[in-house]
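Descriptive structure summary
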Amino acid sequence: MNQEEPLYPCSFVIFGATGHLAATKLLPALYKLEAQARLPDVTNFIAFARRNWDDKAWCTHMEQSLRLQSGERFDAELFRKFSARFSYVAGDLADPQAYKRLMDELGRPKTGVCSNIVFYLAIKPSDFTAVANNLAAVGLNRPRGLHRVVVEKPFGEDLESAQVLNEVLHRHFDEQQIFRIDHYLGKETVQNLLVFRFANLLIEPLWNRNYIDHVQITVGESAGIGTRADYYDKTGALRDMLQNHMMQLLTLVAMEPPPALEADALRDEKVKVLRSIRSIPRRALHAHAFRAQYRAGIVDGKQVAGYQDEAGVEPGSVTETFVAAKFLIDNWRWRGVPFYLRTGKRLQRQTSAIAIRFRHPPQQLFSETPLENMDPNWIVLSIQPSENMHLEIHAKQPGLGMRTHMIQMDAGYRGDGERPIDAYEALLLDIVRGDATNFIRFDEVEWAWRVVDPILKFWAQERDFIPSYSAGTWGPEESDRLFEWDYQTWRDGL
Ligand code: BG6
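None of the values given here were measured: they were computed from a predicted structure.

What counts and what doesn't
Residues numbered from 1 in each chain as written. Predicted model: local features only at pLDDT ≥ 70, side-chain atom pairs only at ≥ 80, totals over all residues. Heavy atoms only, no water. Helix = DSSP H or I, 4+ residues; strand = E, 2+ residues; numbered from the N terminus. Buried < 20%, exposed > 50% of the residue type's maximum accessible area, 1.4 Å probe, protein only. Polar contact = N/O pair within 3.5 Å; in protein donor to acceptor, adjacent residues only side chain to side chain. Contact = heavy atoms within 4.5 Å. Near = heavy atom within 4 Å. Areas by Shrake-Rupley, 256 points an atom, 1.4 Å probe, with all protein chains shown as cover. Nonpolar A, V, L, I, M, F, W, Y, C, P; charged D, E, K, R; others polar. Axes fitted to C-alpha atoms, helices over the stretch in contact; angles between N-to-C directions. Parallel < 35°, antiparallel > 145°, perpendicular 65-115°, else oblique. Left-handed = near helix turned anticlockwise from the far one by under 90°. Arc of directions from axis to C-beta.

**Structural notes on the side chain of Lys-326**
Topologically, Lys-326 is positioned in strand E11 (residues 322-328). Assessed through its relative accessible area of 5%, Lys-326 is described here as buried. Reaching out from Lys-326, the side chain makes a polar contact with the backbone oxygen of Leu-482 at a distance of 2.9 Å. Reaching out from Lys-326, the side chain makes a polar contact with the side chain of Glu-484 at a distance of 2.8 Å. Apart from the residues within four sequence positions on either side, Lys-326 is in contact with Ile-280, Ala-287, His-288, Pro-338, Phe-339, Tyr-340, Leu-482 and Glu-484.

Below, the structure written as structure tokens:
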């Protein structure tokens, strides 16, 4: 859908408004939309949380939080306009009375009544059921076309719990009302993958097992778990990052061209990829998946604590903060091409990239070039922090003789002065418009759980030990055991 189209007026309810997600992602994104004049005057927000506050206390809290996030860009005048759209409802998520108060508030918003209502569940997954039941009890799940519920990942904690959660949501909401958000799909560089693959004729013929040796997807974070031990220690990197964000990246790299750029057409192709991923038998698990946890170390020149010493982590926890895994896709395009995925907290740098390594040419014509210089071609699509496409190809080494050397070409996606769009900004606009293209359908969730469930089950039984790595490194060398061939290694930088 065209992002420039005007928005429908909307009431936007944030459950968990005082939480980490609201503070770091949702409120800053909504505030930026205000700054760009993308919010119709009637649009209003209701912050729902447990603290016994009134509107004024909420606005003071929100101001502090946005000042922290926006730094010097904080604009007091703009904030006045933004905060005037908010009201605060204090209540427990499990308390039916609180939803009656929410109903009343929706009936008398500060800016005018809207029939379009979004309920954003920025809360722990274990609270989703209570909210869905309570919204339905006061009739807020209707009308079907206009009221939507947004669910954050992880959707469930394994296949079975995801199915149960889906059933609960479907008891009260239609599939078209449920927006399962994965903010990676809102990142421009991730969306660019589709353009890169399907708008360039020269890429697609090479994009298969005949030319590609393997694919590496790395999402590296230098940050630790911060204040999120309560969530993270029960979740781990496999559920927090790999089952959702990284599986989505994998599907976008591997999928067939969809017949149209429409929500279901796109999602059908992604599901086909997930269904084709070879399931990992128990006896082969060590060769396919590796986990580890960070020790103390130095990141960005600063000494940082190890995971075990982070506030709120259970003593002796074996929760993984690093995961590396190998997946094989059994279809005509990809059979025999390993996809290596790796993500971790407290790694050396904040870097996310998709690196495609090509095969060698069938014949080595340039015999003057030492073999060790005959690196194959790579395409690296850098997602963050830099946003570019990097190509490594051979060219003649200047001078006498016919030697080759590798040259590197970098192309940025963004021109000078083009503002980067925050993933949440883009997705919030989609939600308000009801465009589900960049949201996850339940069968995607289900198949992604089927892929990672054997790993989860295996690790759940290995409770005594987890390998570790120093904070500030790229994770333990043992993760190299996943590579099919000796010449394959992790690309740690661009
Ligand atoms: C979230 C995870 O979904 O994604 C976090 O819960 C992680 O643990 C974050 O840090 C990474 O997102 P981004 O956009 O910073 O790469």
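**Quick word on the site of the ligand**
Taken together, Lys-25, Lys-153, His-183, Tyr-184, Lys-187, Glu-221, Arg-228, Asp-240, Met-241, His-245, Lys-345 and Gln-384 make up all the residues around the ligand. Here Lys-153 contributes a side-chain N or O atom positioned 2.7 Å from an oxygen atom of the ligand. In this structure, His-245 approaches the ligand through a side-chain N or O atom, which is 2.7 Å from an oxygen atom. When the free accessible area of the ligand is taken as 400 Å², the share hidden by the protein chains comes to 84%. Among the elements that line the shell around the ligand, the one with the most residues is helix H8 (residues 229-254), at 3 residues. The residue inventory of the shell around the ligand, partitioned by class, reads 2 nonpolar, 3 polar and 7 charged.

**Examining the packing of helix H2 (residues 55-70) against helix H3 (residues 76-83)**
Each pair of packed helices can be described by the angle between their axes along with the distance between the axes. In the contact formed by H2 and H3, the axes pass within 11 Å of each other and the chain directions differ by 140 degrees. Between H2 and H3, the angle is such that the two are oblique. Pair H2 / H3 crosses with right-handed handedness. Between H2, through Cys-59, Met-62, Glu-63 and Leu-66, and H3, the contact on the second element is made entirely by Phe-79, Phe-82 and Ser-83. Here the contact of H2 with H3 is composed, by residue class, of 5 nonpolar, 1 polar and 1 charged.

**What about H3?**
Turning to H3, its buried residues number three or more, namely Leu-78, Phe-79, Phe-82 and Ser-83. Buried residues in H3, looked at end-on, bunch into an arc of 125 degrees, giving them a common side. With respect to the buried face of H3, the exposed residues turned more than 90 degrees away are Glu-77 and Arg-80. Close packing links the buried residues of H3 with helix H1 (20-35), strand E2 (44-49), H2 and strand E3 (86-90). With a side-chain oxygen positioned 3.0 Å from the backbone nitrogen of Glu-77, the residue opening H3 is Asp-75.

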